[in-house]
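Overview (structure and organization)
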Amino acid sequence: MKVLKFGGTSVGSVEAIRKVAEILKKESGQEQLVVVVSAMSGVTNTLISISQKAAVRDASYESNLQDLEEKHCTAFKELTGNSNCFEISKLFVRLTEICRGVYLLRELTPRTSDYIQSCGERLSSYIISEYLKKEGLQVELYDSRKYLITDKKFGSANVLWQSTKAALQELKPQLASISVFPGFIASTSDNETSTLGRGGSDYTAAVLANLLQARELQIWTDVNGLMTSDPRLVPSAHLLEHVSYEEALELSHFGAKVLYPPSIQPALDAEIPIWVKNTFDPEGPSTLVTKEWDDEKQTICGISSIQDVALVNLSGASMVGIPSFSYRLFKALSQANINVIMITQASSEHSICVGISKTDAHAALEAIIEEFEQEISLHKIDEPVVDEDQSIIALVGSHMKNQVGISGKMFNTLGRNGISVKAIAQGSSERNITAVVAKADLKKALNTLHESFFLSELKKMNLFVVGVGNVGRAFLRQVQKQQELLAREFNLDIQVVAVANSRKSYFNEEGVDLTKWEQLLEHGNDSTIEAFIAQIKALNLRNSIFIDITASHTIAATYRELLESSISVVTPNKIAATRDMSSYLDLKYATKKYGSQFLFETNVAAGLPVISTMNELFKSGDRIHAIQAVLSGTLNFLFNNYDGKRPFSSIVKEARALGLTEPDPRLDLSGEDVMRKLLILIRESGRKWEMEQIEQVSFLPEACKNTPDLNTFYELLDAHEDHFLELYSKAKEKGAQLRVVASFQDGVAKVALEQVALHHPFYFLEGKDNIVLFHTERYKEQPLVVKGAGAGAEVTASGIFADVLRIANQ
Ligand code: ADP
Ligand code: ASP
Ligand code: MG
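An account of the accompanying structure is given in this report. (Residues numbered from 1 in each chain as written. Chains lettered and ligands numbered in written order. Predicted model: local features only at pLDDT ≥ 70, side-chain atom pairs only at ≥ 80, totals over all residues. Heavy atoms only, no water.)

1. A look at the site of ligand 1
Filter applied, for reference: Only a single heavy atom is needed: when it lies within 4 Å of a molecule or strand, its residue is near that molecule or strand. Pairs of N or O atoms within 3.5 Å make up the polar contacts considered here, provided that, within protein, one atom can donate a hydrogen while the other can accept it, and that residues adjacent in sequence are counted only when both atoms are side-chain atoms. Using a 1.4 Å probe, the Shrake-Rupley method yields the accessible areas, and only the shown protein chains count as cover for residues. Side-chain classes are defined by residue name, with Ala, Val, Leu, Ile, Met, Phe, Trp, Tyr, Cys and Pro counting as nonpolar, Asp, Glu, Lys and Arg as charged, and the others, Gly among them, as polar.
As a matter of local geometry, ligand 1 sits amid 17 residues, with Thr221, Asp222, Met227, Arg232 and Lys257 nearest to it. In this structure, glycine 8 approaches ligand 1 through a main-chain N or O atom, which is 3.0 Å from an oxygen atom. Within the side chain of lysine 257, a nitrogen or oxygen atom sits 2.9 Å from an oxygen atom of ligand 1. Within the complex, the protein chains bury 89% of what would otherwise be the 570 Å² of accessible surface of ligand 1. A class-by-class count of the residues in the shell around ligand 1 yields six nonpolar, six polar and five charged.

The following block contains the structure:
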């Protein structure tokens, strides 16, 4: 014999019920089948809402009842072809009477509530059995209330094992080849209708499987089986093909709704294997739950969660001395019918913390205050504190006990994403580790843990890009081009979640389609930087990276707030790294404290690995003594191309048109841009340094400094063309090249135009090349050289990309 249970969605529509019939036709014939059905999906909720409305004299319950009757009659007629709904109407006449009683008395007792709820399963089981008969199957409908006997704990009654066993043993020889039972419902020994708790049809099936000595229990639902996490919260959750009873129990206890936790024990006791299968994909993969588990399996089998939890914290300096303190606490909670999901107690015994369902919070508080009234009034114990809007996450796996470092990895992963943990518990079975986090962090926490524990899985990076000029465009193009390869070869899922310019922004949590981001942004929402950041924070996605590809002061001023929200920042914008030393340190401090990263490789020499090389040297214990560098691709371009035949200004204009200058080329020509780069290098070499400490020898004639606008600047350059001609000729005479050199040596930092002779490494610098020489403890005789194109949209974009990948690979 097999027991097959079909859940709410599996019997939720005419089409679904037809699928059930197909499954039963395939399964029947060889052995007896016991079929347990839930109410049609949504019906139990509707019945509860109807009864609650009636109890508060909300007359709209009547039309809800009519709709419900209509829904069932329509399904019945469609399935059976029989237009006579007499049985269904009869049940509704009785149900209407009872609801009327509730309405008049304004009282809904648990007992009445159970009676009303029981109608859902009574209706569905009737309709299904009539349909199966019409389909030619040999079917009999049994009223579970005659066989499943419970205590009087209405709402969540306990099955009285001996009475139920006796009743079923008597029934067993008379069972038809397909016996249909309504799930969820039972009755007390006084024949009062009771229910087994929400989700209880699974339990009905498990009890029947145990007491009728079935060979197998099948739970048919709307997913392929038990998954590594709740698929509604974790889109990348995958199917578990084989788990132990214990694992299934832990997963379901901590929220995997697909199996009602009490239903595992009866199966375990009789060692009946449980299959979880999908009614809508009957031939597809599924889950098998059995006693033994595979030794080769992953340490963590799944990550469960319970969304609405409250934490009750009880503390007090004198708690240590109060005898049987925890006994009294749990007695009080148990008498108030409150289920404790988790407990943590500090070893100092100064406080104890219990996690309960949020709906129980109020009752728990009352029960505890009543129990400890005296101690509280004498200030031996503080008033209990309730923290609502919490969620529980549990890592589950039988193999965890043989492994060290799982909890370390768990809390490290959460910490890096700025998720703070309110309480922690580990079962002594070492089959689960449980943590409480704020409900607002639940989705992020689950997804980031899932990625970190299931290695085969794609790690998702969520990018927010502001600034879509030349570099921004190139960056988006590069990301689009690499996305597939990164996913395939490196398990990285790089998603741009938002793009913004100074006027508009466009968000898509699933990833912006980068083939048409321009149109999407054009039709995006009007936005300010504040609104943009508020939206990033509200989304609260894991592995978030804010990418600033502007030269804006306002945006640079937001980094700290972002870093403090555990959102990493990547930028070619030099402003933040070159303000005063204390703001620079603030940003560094924020990254340490909040687990975020602030990377700005492209601040110096575009995509060349200059800052990262220096960081690696520094981390590995090398010490930088001196730096010499040509850091402006723009200035190189100017001095490489200027030969006196064309005016200097026209070369500046050409460089600007080629995108080789800052938006305002005066920043390049004044030497300020090089000074900023040098400042960053000095700071990243581990020294405290300010902009004023850099000596600047400008090559511009005095009149060309501090011009009011760009046009005046160009005019003044032309007026002083002789000055540039002279610089050029003097160098030419000596066979030297002109280079703006940034240097740092013996505590002196300087930016100046120099003539470099033929043998100097700076002599041969093509086009927009940059070069940096690091003289270090280890690179003593010959400096370490980094050289290559140091300006241009494509190389800058690739430097930004490299920073993103550095964060992803952490
Ligand atoms: P039924 O009506 O068939 O009893 P339920 O709604 O009670 O179905 O349970 C199935 C649902 O449980 C799935 O649709 C899924 O969204 C949810 N669920 C939560 N956690 C898990 C998990 N770890 N594995 C599978 N499903 C899960
Ligand atoms: N119909 C009941 C519920 O919705 C029982 C079940 O579906 O298992 O909770
Ligand atoms: Mg269920």
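Still more ground to cover, so stick around.
2. Side note on the site of ligand 2
If you check the shell around ligand 2, you find Ser38, Thr44, Glu121, Phe184, Arg198, Gly199, Gly200 and Ser201 and nothing else. Side-chain polar atom of arginine 198 to an oxygen atom of ligand 2: 2.7 Å apart, as the coordinates give it. In the model, an oxygen atom of ligand 2 is placed 3.0 Å from a nitrogen or oxygen of the serine 201 main chain. With the chains in place, 86% of the 260 Å² that ligand 2 exposes on its own is no longer accessible. When its residues are assigned to classes, the shell around ligand 2 shows one nonpolar, five polar and two charged.

3. Observations regarding the sheet that holds strand E29 (residues 769–776)
Heads up, the rule is: Two strands qualify as a pair provided DSSP detects at least 2 bridges between them. Numbering of helices and strands runs from the N terminus, with a helix taken as a DSSP run of H or I at least four residues long and a strand as a DSSP run of E at least two residues long. Fitted lines through C-alpha atoms serve as axes, helices being fitted only where they are in contact, and the angles separating the N-to-C directions of these axes extend from 0 to 180 degrees.
With respect to topology, six strands assemble into an open sheet ordered E26-E28-E27-E25-E29-E30, the strand pairing being mixed. Both outer strands of the open sheet, strand E26 (694–697) and strand E30 (784–789), are each paired with one neighbouring strand and no more. Each adjacent strand pair in this sheet contributes to an overall mean axis angle of 20 degrees, direction not counted. Relative to E30, E29 runs antiparallel, the two being bridged by six bridges. Within E30, the residue paired with leucine 773 across the bridge is valine 785.

4. Things to note about the packing of aromatic side chains
Put simply, the rule is: Whether two aromatic rings pair depends on their centres lying within 6.5 Å, for rings of Phe, Tyr and Trp, where Trp uses its six-membered ring; planes under 30 degrees apart make the pair stacked, over 60 edge-to-face, and the rest tilted. Only protein chains enter the accessibility calculation, which uses a 1.4 Å probe. A residue is then buried if its area is under 20% of the maximum for its type, exposed if over 50%, and partly exposed in between. Look at NZ for Lys and CZ for Arg. If either is within 6 Å of the ring centre and within 35 degrees of the ring normal, a charge sits over the ring.
Summed over the entire model, instances satisfying the criterion amount to 21 aromatic pairs. For the ring pair phenylalanine 598 and phenylalanine 600, a centre distance of 4.7 Å and an interplane angle of 55 degrees mean the geometry is tilted. An identical accessibility class is assigned to phenylalanine 598 and phenylalanine 600; each is buried. The interplanar angle of 75 degrees and the centroid separation of 4.9 Å between the aromatic rings of tyrosine 763 and phenylalanine 764 together place this pair among those described as edge-to-face. Note on tyrosine 763: relative accessible area 15%, which makes it buried. An aromatic cluster is present here, built from Phe639, Tyr642, Phe648, Phe699, Phe724 and Tyr728 joined pairwise through their rings. In this structure, lysine 277 packs its charged tip against the face of tryptophan 275, placed 5.2 Å from the ring centre. The cationic tip of arginine 683 hangs over the ring face of tyrosine 584; the distance from NZ or CZ to the ring centre is 5.1 Å.

5. Some words on the side chain of aspartate 230
Along the chain, aspartate 230 falls in the loop between strand E8 (216–221) and strand E9 (242–244). From its side chain, aspartate 230 meets the backbone nitrogen of arginine 232 in a polar contact 3.0 Å long.

6. Description of unusual backbone geometry
In this structure, arginine 57 is a non-glycine residue whose phi angle is positive, near 60 degrees. One can find arginine 57 in the loop between helix H2 (43–55) and helix H3 (61–80). Of note, the phi angle at asparagine 191 is positive, near 65 degrees, even though the residue is not glycine. With respect to the helices, strands and loops of the structure, asparagine 191 is situated in the loop between strand E6 (185–188) and strand E7 (193–195). On the accessibility criterion, asparagine 191 (66% relative accessible area) is exposed.

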